[in-house]
Structures are given as C-alpha cells and as structure tokens.
Amino acid sequence: LFGTIVWILVASTGVPLPVLQGWVMFVAVTAWFLSIVFLSVFLFGYANRIALNWNQADFIFHGATFVFYFGAFLLQAATTSLHHFPRKFNSTAQERILTGHEYNISIAASVCIF
C-alpha cells in the first residue's frame, strides 16, 4: 500500500533530479510488483507445491526490501532538502528546483517511504 502511494507521489512531482528519483521509482515499482507476486503465490496455493523454506524466503525478501527502501528514503529526502536551491545556477531567474506544491508532495513521499 505504501509503495503504491510513494509511486504516485514521486510520479506527480516534476522530477527535477531524474537519477535520484528514478531510483526511488524503481524501488517502489519493483517492491510493489514483487509483493503482489509473493502474495499471489500464497493466495493461489503455490507455496504448498514449491519446495522452499518460505520463512527464510520471507526474511530475505523483507530484509532486501528494507535496505532498498531505506536507500530510496535517503535519496528522496536529499532531493527534498535541495528545495531552496535555484534550478539553473548561472541564470538570473530564481526558479527553484521544487515548487511549493512539489516540495509538499516530496515531503509526503519521504514520509511514506520511511
């Protein structure tokens, strides 16, 4: 659920730093997709047919998801913290990296990731 919310929030901003927020989107979409696959395996009873230590698989999945989401949180928070800097450093226009509305959305995305 929170991965879907992060996905929507990051996609609704202007994405001023595509490298950083691209990784956040990749983590959110990949974790969402793998969660749906993991849930489907259990809902449709494939877990009984596949000889696997499901406790260990669950631990590894959630551990890896934690590591990736924590990294995504740091990158999203870093993007949010750059809000006061101008978009073009050599320009006379004072356009910000994130507008006020995008700044609020970026804060919400950072909170949902964490």
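Because the structure is predicted, anything quoted here is derived from the model rather than measured.

Rules used in this analysis
- Residues numbered from 1 in each chain as written.
- Predicted model: local features only at pLDDT ≥ 70, side-chain atom pairs only at ≥ 80, totals over all residues.
- Heavy atoms only, no water.
- UniProt positions renumbered as here; feature names shortened; annotations may be inferred.
- Helix = DSSP H or I, 4+ residues; strand = E, 2+ residues; numbered from the N terminus.
- Phe/Tyr/Trp six-rings, centres within 6.5 Å; stacked < 30°, edge-to-face > 60°.
- Buried < 20%, exposed > 50% of the residue type's maximum accessible area, 1.4 Å probe, protein only.
- Core = buried A, V, L, I, M, F, W, Y, C linked by side-chain atoms within 4.5 Å.
- Contact = heavy atoms within 4.5 Å.
- Expected span 1.5 Å × (residues − 1).
- Polar contact = N/O pair within 3.5 Å; in protein donor to acceptor, adjacent residues only side chain to side chain.

1. Structural notes on the UniProt feature "transmembrane region" (unreviewed entry) in the protein
The feature "transmembrane region" (unreviewed entry), as annotated in UniProt, sits at residues 23-47 and 59-78 in this numbering. Measuring from the first to the last C-alpha atom of residues 23-47 gives 31 Å, for a span that is 92% helix and 0% strand. From the first C-alpha to the last, residues 59-78 spans 29 Å; its make-up is 100% helix and 0% strand.

2. What to know about the packing of aromatic side chains
According to the stated counting rule, one finds eight aromatic pairs in the structure shown. Judged by centre distance (5.5 Å) and plane angle (85°), the rings of F38 and F42 are edge-to-face. One end of the pair is F38 and the other is F42, both in helix α2 (residues 18-43) and four residues apart, which spans about a single turn. Judged by its relative accessible area of 42%, F42 falls in the partly exposed class. Through a chain of ring-to-ring contacts, the aromatic side chains of F38, F42, W54 and F61 assemble into a single cluster.

3. Concerning the nonpolar core
V6, L9, V10, V24, V27, A28, A31, Y69, A72, I105 and A109 together form the largest nonpolar core, which totals 11 residues. Elements with a contribution of two residues or more to this core: α1 (2-11), α2, α4 (54-81) and α5 (100-113). If one sorts the elements of this core by residue count, α2 sits on top with four residues. Every residue in contact with V27, bar those within four places of it in the chain, is listed here: F68, Y69 and A72. Counting residues in each nonpolar core, the second largest holds six residues, with V41, A47, W54 and A57 among its members.

4. Observations concerning α4
The end-to-end C-alpha distance of α4 is 40 Å, a good match for the 40 Å that 28 residues give at a rise of 1.5 Å each. Buried residues of α4: W54, A57, F61, T65, Y69, A72, F73, Q76, T79 and T80, and no others. At the N-terminal end of α4, a side-chain oxygen is found 3.3 Å from the backbone nitrogen of N55, two or three residues along, and the residue is N53.

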